[in-house]
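Close look at the chain arrangement
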Amino acid sequence: MNITELSDYLCSLPDDIMADAAEVVAETAAEYYKSTFTAKGFDGNPWEPARVPKKTGSLLVNSGNLVNSIRPAVITPERVVISAGNSKVGYAAVHNEGYSGPVSVPAHQRTRNGKTYDVGAHTRMADIVQRRFMGDSAELNDMIHDRIEGMIRSKTDK
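Before going into details, it helps to say that this report is about the structure given with it. Numbering of residues starts from 1 in every chain and runs along the sequence as written. Per-residue local features are limited, in this predicted model, to residues with pLDDT of at least 70; the limit for side-chain atom pairs, both in listing and counting, is 80 or more; totals at the level of whole chains, interfaces and linings are taken over all residues. With hydrogens and water excluded, all non-hydrogen atoms of the structure serve as input to the side-chain values.

Details of the pattern of salt bridges
Defined as follows: Throughout this description, the term salt bridge denotes a Lys or Arg side-chain nitrogen within 4 Å of a carboxyl oxygen of Asp or Glu. Strands here mean DSSP runs of E at least two residues long; helices mean DSSP runs of H or I at least four residues long; both are numbered from the N terminus.
Considering all chains together, one arrives at 1 salt bridge under this definition. Residues R147 and E31 are paired through a salt bridge, measuring 2.7 Å at the closest nitrogen-oxygen approach. Of this pair, R147 sits in helix α5 (residues 138-157) while E31 sits in helix α2 (residues 15-39), placing them 116 residues apart in sequence.

Concerning the packing of helix α1 (residues 3-11) against α5
Let me state the cut-off plainly: Axis lines are fitted to C-alpha atoms, over the contacting stretch for helices. Their N-to-C directions set the angle, which ranges from 0 to 180 degrees. Just so you know how the angles are binned, under 35 degrees is roughly parallel, over 145 roughly antiparallel, 65 to 115 roughly perpendicular, and the rest oblique. Left-handed describes a crossing whose near helix is turned anticlockwise from the far helix by less than a right angle; the clockwise case is right-handed. The criterion used for residue contact is that any of the two residues' heavy atoms lie within 4.5 Å. Note that Gly is not counted as nonpolar here; it falls among the polar residues with everything else outside the nonpolar set of Ala, Val, Leu, Ile, Met, Phe, Trp, Tyr, Cys and Pro and the charged set of Asp, Glu, Lys and Arg.
Remark: α1 packs on α5, axes separated minimally by 10 Å, with the N-to-C direction vectors making an angle of 20°. One way to sum up the angle between α1 and α5 is to call them roughly parallel. As α1 runs across α5, the sense of the crossing is left-handed. On α5, the residues that touch I3, L6, Y9 and L10 of α1 are N141, I144, H145, I148, E149 and I152. Residues belonging to the contact of α1 with α5 are distributed by class as follows: 7 nonpolar, 2 polar and 1 charged.

Looking at the pairing of strand β3 (residues 71-75)
The test is simple: Two strands pair under a simple rule: DSSP has to find at least two bridges between them.
Where β3 lies against strand β4 (residues 80-83), 4 bridges are found, and the strand directions are antiparallel. Each bridged residue has a counterpart across the sheet, and for R71 the counterpart in β4 is S83. Counting the residues between successive antiparallel strands, the hairpin from β3 to β4 contains 4 residues.

Overview of α1
Formally: Partly exposed residues are those whose accessible area sits between 20% and 50% of the maximum for their type, while under 20% is buried and over 50% is exposed, using a 1.4 Å probe and protein chains only. Along the arc lie the directions from the helix axis toward the C-beta atoms.
Residues L6, Y9 and L10 constitute the buried set of α1. What you see down the axis of α1 is that its buried residues fit within an arc of 95°, all on one side. Exposed and facing more than 90 degrees away from the buried side of α1 are D8 and C11. Where α1 is buried, its residues meet α2 and α5.

Describing the nonpolar core
Side chains of nonpolar character tend, in soluble globular proteins, to be buried together. Applied cut-off: Here, nonpolar core refers to any group of buried Ala, Val, Leu, Ile, Met, Phe, Trp, Tyr and Cys residues whose side-chain atoms link them within 4.5 Å.
One finds L10, L13, Y33, F37, F133 and I148 to be the most contacted residues of the largest nonpolar core, which totals 31 residues. Mapped onto this core, the elements with two or more residues apiece are α1, α2, α3 (65-68) and α5. No other element matches the 10 residues that α2 contributes to this core. With residues up to four places along the chain from it excluded, the contact list for F133 reads Y33, T36, F37, F42, W47, L66, I70, A84, A92, H95 and N96.

Things to note about a negative patch on the surface
Heads up, the condition is: For patch building, the residue pool is restricted to those with more than 30% relative accessible area and no salt bridge; the joining distance is 9 Å between like charges and 5 Å between nonpolar side chains (Val, Leu, Ile, Met, Phe, Trp, Tyr). The method behind every accessible area is Shrake-Rupley, applied with a 1.4 Å probe, and residues are considered shielded solely by the protein chains displayed. Just so you know, the count uses Lys and Arg for positive and Asp and Glu for negative, and it drops His and the chain ends. To locate a charge, take atom NZ for lysine, CZ for arginine, CG for aspartate or CD for glutamate.
Together, E5, D8, E139, D142 and D146 line one region of the surface with negative charge. Those elements that place two or more of their residues in the negative patch are α1 and α5. A per-element tally of the negative patch places α5 first, with 3 residues. Relative to the assigned elements, D8 resides in helix α1. By relative accessible area, D8 is classed as exposed at 51%.

So, α5
Inclusion rule: In this analysis, the expected span of each helix is defined as 1.5 Å times one less than the number of residues it contains. Here a polar contact is taken to be a pair of N or O atoms separated by no more than 3.5 Å, where protein atoms must pair a possible hydrogen donor with a possible acceptor and residues adjacent in sequence count only if both atoms sit in side chains.
The terminal C-alpha atoms of α5, which comprises 20 residues, lie 29 Å apart, in line with the 28 Å expected from a rise of 1.5 Å per residue. Taken as a whole, α5 has its buried residues at L140, N141, I144, I148, M151 and I152. Down the axis of α5, the buried set is contained in an arc of 110°. They therefore lie on one face. Residues of α5 that are exposed and point over 90 degrees away from its buried face: D146 and D157. Close packing links the buried residues of α5 with α1 and α2. The backbone nitrogen of E139 lies 3.3 Å from a side-chain oxygen of the residue at the head of α5, namely S137.

Here it is as structure tokens:
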């Protein structure tokens, strides 16, 4: 199911169901987006593997801050917005959309072989591969449709 079909379906629902449907959409979407980190893929498309495999942990997961930043930002019967990123996670969009271009590196100190060196501010080129974890997804749209249908069935069974 594509996003237009899902939108048309949601618009066809009665107002008393739409209030509850918004909560179902928000909960389902946040759950799905978080599950992409376990699946290491989005909408059936696996992420490109890391150039250098990690010894521990998982791809895109070091501290868990990115996964934990995924949350519903707006929930109304007309609109549901799921966001990712916060002050600790400024890199969420870069991973989701990819990035190729210059990056500013601030001045810092580096320690090598027991000696500390000052490194001046500079720029370097970065090429971050896109590993989508949020966005329009046929899998998610089908899940939302199925959950809302289940909610409607459970309300009519009472």
